[in-house]
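Here's the letter readout for the chains.
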Amino acid sequence: MIMNRWKYTSAFMVTVLSAVLVMSGCTKSDSSNNSNSSSSNNASSSADNSSAGTGASSGEKITLKLTGWGAPAEVAAYKSAIANFEKTHPNVKVEFQAISSGDYDTKLTTMVAGNDEPDVAMMESATIAFPLAEEGKFLNLQDFLAKDQQITLDSLVPNITYSQAPGNIIGIGPGPETFGLFYNEDVFKDAGIEPPPSEVSKAWTWDQFVDVAKKLTLDNKGRNAEDPSFDPKNIKQFGINLPTWWGAYSNFIYSNGGDFLSADGKTFALNQPEAVEVFQKMADLINVYHVAPSPLQSKNIPGTNVALQTKKVAMAIDGQWASSSLAESKFNYNVGVLPVMKEPVTTVVAGMFSIFKSTKHPQEAWELLKALLDPEASLDMLTNGTWMPAPKDWYTEGEKLDKWTKDLASRPSGYNGAVIDMLLNHSHATPTAYVKNFNKIMDVVNPALDKVWLGKQSAQEALDSIAAKAQQQVQGRRDVE
């Protein structure tokens, strides 16, 4: 569900994603507030006047336009959902327009400018969704959720709804993505080292994680990073590949009690001790312990599946979507819980579906959105490891859970604990969901962090040097009244 996730999983130094990405920061205007209030009323009225799952009460023939992106298999899943929807809504025809991820924002912006908006659209919580929301372009999905008999906020997994402000939901993610510690089981077996635990209660501390990474980092003569003769300039196997984009390090900032902004949304917080400690510990993996590739060395590290299979790395922190390519690579891999700073946490990232308020058929558009969330329509994508379901009962009811996890190469033995338990009980919203003007803030932060990864400045020095400039871009939080 994440736009261009393949680009950032293979390019670990990329700090601005087109997939869970960076937000554009338009401030909310009075006219936007009025428009959203009006759209909410329209949505409520429509929800009252049309019964769920039955289509227009008059039986009129209508057409809904849907836009989205995705790899061919993902597009096929959308089409399957559409076919199921059309069977249960025979008066509704869905026109699906698949747009390449690289062109999506530009194309959709052109459609909006030309008053040719789709009824339902995939959106990023980043480059385009919130700017359009602040123009009053979307219906408030809270109104539908409050009245629907089949889907409620409580029926969805945590952190997959996106709100312009508390009570104003502009999008729902069709499936969550979290992070885990993937590893080559044979590397651990050959080294005689216990692999990463999959139970949250047994998760490694950061120091334990570093100690194991040292033992599994080998130079070209087979000496590990604990050996006084270890040669850091000629490493054949790194203990860990830890990407340095915000999605990866946000896990540890939250785990350490930090955040991107202060709780009231008024103050830049990445130069505060909780975040600075994370950046420094990550940089030390590269520059002090030599257990993770430097920016230059990263250019020679392939994607997670190949890097683990070929033993370029022993462990890799990546999104759960990596399990798809790992399963296809046919080697002994598994997944453990992320190392813990203070509390176990994983960040949830996801695209979203939104309904444009210009739709003439809001209830039918809502029913289509629900159909797109239905895991039955995307079982192939679930079983191959690319996606995870949105409804909570697909994790808590044994029969449904088995449909997408049991005896599958894409769901190794550690998956239930390291991924599912973490999602349900220890997850945190992506910063792009609540930090206003996120991309502008990160445009200031990223060059400073580059100096940290290169070992040219300490994390504290680098973040303090840009704190005032970053503060100028702070516009608040969407999750604060």
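Everything below is about the structure shown above.
Below: a short report on this structure. Just so we're clear, the structure is a prediction, and the values are computed from it rather than from any experiment.

Across its full length, the protein chain holds 21 helices and 13 strands. Among the 481 residues that make up the protein chain, the fraction classed as buried is 58%. Here the contacts in the protein chain between residues at least 6 apart in sequence split such that 77% fall between residues at least 24 apart. When the accessible surface of the protein chain is totalled, it reaches about 18500 Å², and 46% of it is carbon and sulfur.

To continue, consider the packing of aromatic side chains. A full pass over the atoms with the stated rule returns 21 aromatic pairs. Both rings, one in F179 and one in W321, keep their centres 5.9 Å apart while their planes meet at 70 degrees; by these two values the pair is edge-to-face. One end of the pair, F179, is in strand β6 (residues 179-184); the other, W321, is in the loop between β9 (313-319) and α13 (322-329), with 142 residues separating them in the sequence. Each member of the pair F179 and W321 is classed as buried. Sitting over the ring of F130, R478 keeps its end group 3.8 Å from the ring centre.

In sheet architecture, strand pairing relies on hydrogen bonds along the backbone and comes in two forms, parallel and antiparallel. Taken together, the five strands give an open sheet; going across it, the order is β7-β8-β9-β6-β10, and neighbouring strands pair in mixed fashion. Where the open sheet ends on each side, the last strands, each with one partner, are β7 (218-219) and β10 (333-336). Pairing geometry for β6 and β10, over four bridges, is antiparallel. Its bridge partner lying in β10, N184 is registered against Y333.

In total, this model carries 15 salt bridges according to the counting rule given. The partner of K137 in a salt bridge is E117, and the shortest N-O contact between them spans 3.3 Å. With K137 in the loop between α5 (129-134) and α6 (142-147) and E117 in the loop between α4 (104-113) and β3 (120-123), this residue pair connects regions lying 20 residues apart in the sequence.

Further remarks concern the side chain of S255. With respect to the helices and strands, S255 occurs in helix α9 (residues 246-255). Residues contacting S255, with those up to four places away along its chain left out, are V340, M341, K342, E343 and V345.

Turning our attention to the pairing of strand β2 (residues 92-98). As paired strands, strand β1 (residues 62-68) and β2 are joined by seven bridges and run parallel to one another. Paired with I62 across the two strands is V92, which belongs to β2. Regarding topology, helix α3 (residues 72-88) serves as the crossover connection from β1 to the parallel β2, and that connection is right-handed.

Within the span of α4, buried status applies to Y104, D105, L108, M111 and V112. Down the axis of α4, the buried set is contained in an arc of 125 degrees. They therefore lie on one face. Counted as exposed and oriented over 90 degrees from the buried face of α4: T106, T110 and A113. Tucked into the core, α4 has its buried residues touching β1, β2, β3 and α5. Looking one or two places after α4, you find N115, whose phi comes out positive at around 55 degrees.

Let's shift gears to the nonpolar core. Counting residues in each nonpolar core, the largest one holds 151 residues, and the members touching the most others are I240, Y249, F260, F268, L270, F279 and M315. Ranked by residue count, the leading element in this core is helix α20 (residues 438-453), at nine residues. Those residues in contact with F279, other than ones at most four positions away along the chain, are Y249, I253, L270, L449, V452, W453, A459 and L463.

Bringing the environment of T359 into the picture now. Its location among the elements puts T359 in the loop between β12 (352-355) and α14 (362-373). Measuring from C-alpha to C-alpha, the distance between T359 and L64 comes to 8.3 Å, with 295 residues separating the pair along the chain. Those residues within four positions of T359 in sequence are excluded, and the remaining contacts are D119, L139 and A365.

A few words on the pairing of β1. Each regular strand displays side chains that alternate between the two surfaces of the sheet. The buried fraction of β1 amounts to six of the seven residues, a majority that puts the element mostly inside the structure. Alignment of β1 against β3, held across two bridges, turns out to be parallel. When the sheet's bridge partners are listed, T67 is paired in β3 with A121.

Between its first and last C-alpha, α14 extends 17 Å over twelve residues, near the 16 Å set by a 1.5 Å rise per residue. The buried fraction of α14 is high, at twelve of twelve residues.

Next up on the list: the packing of helix α8 (residues 206-215) against helix α10 (residues 273-287). Interhelical geometry of α8 versus α10 gives an angle of 10 degrees and a closest axis separation of 12 Å. By the angle class used here, α8 and α10 are roughly parallel. Only K281, M282 and L285 of α10 make contact with α8, whose side of the interface consists of W206, D207, F209 and V210. Of the residues in the contact of α8 with α10, the class split is five nonpolar, no polar and two charged.

Turning to the packing of α20 against helix α21 (residues 459-471), a few remarks are in order. Here α20 crosses α21 at 160 degrees, and the two axes come no closer than 9 Å. On the basis of the axis angle, α20 is roughly antiparallel to α21. Of the two possible hands of crossing, α20 and α21 adopt the one that is right-handed. Contacts between α20 and α21 pair I441, V444, V445, A448, L449 and V452 from the former with A459, A462, L463, I466, K469 and A470 from the latter. Its residues placed into classes, the contact of α20 with α21 shows eleven nonpolar, no polar and one charged.

Calculation criteria
Residues numbered from 1 in each chain as written. Predicted model: local features only at pLDDT ≥ 70, side-chain atom pairs only at ≥ 80, totals over all residues. Heavy atoms only, no water. Helix = DSSP H or I, 4+ residues; strand = E, 2+ residues; numbered from the N terminus. Buried < 20%, exposed > 50% of the residue type's maximum accessible area, 1.4 Å probe, protein only. Contact = heavy atoms within 4.5 Å. Areas by Shrake-Rupley, 256 points an atom, 1.4 Å probe, with all protein chains shown as cover. Phe/Tyr/Trp six-rings, centres within 6.5 Å; stacked < 30°, edge-to-face > 60°. Lys NZ or Arg CZ within 6 Å of the ring centre and 35° of its normal. Pairing = 2+ DSSP bridges. Salt bridge = Lys/Arg side-chain N within 4 Å of Asp/Glu carboxyl O. Right-handed = clockwise from strand over helix to strand, strands pointing away. Arc of directions from axis to C-beta. Core = buried A, V, L, I, M, F, W, Y, C linked by side-chain atoms within 4.5 Å. Expected span 1.5 Å × (residues − 1). Axes fitted to C-alpha atoms, helices over the stretch in contact; angles between N-to-C directions. Parallel < 35°, antiparallel > 145°, perpendicular 65-115°, else oblique. Nonpolar A, V, L, I, M, F, W, Y, C, P; charged D, E, K, R; others polar. Left-handed = near helix turned anticlockwise from the far one by under 90°.

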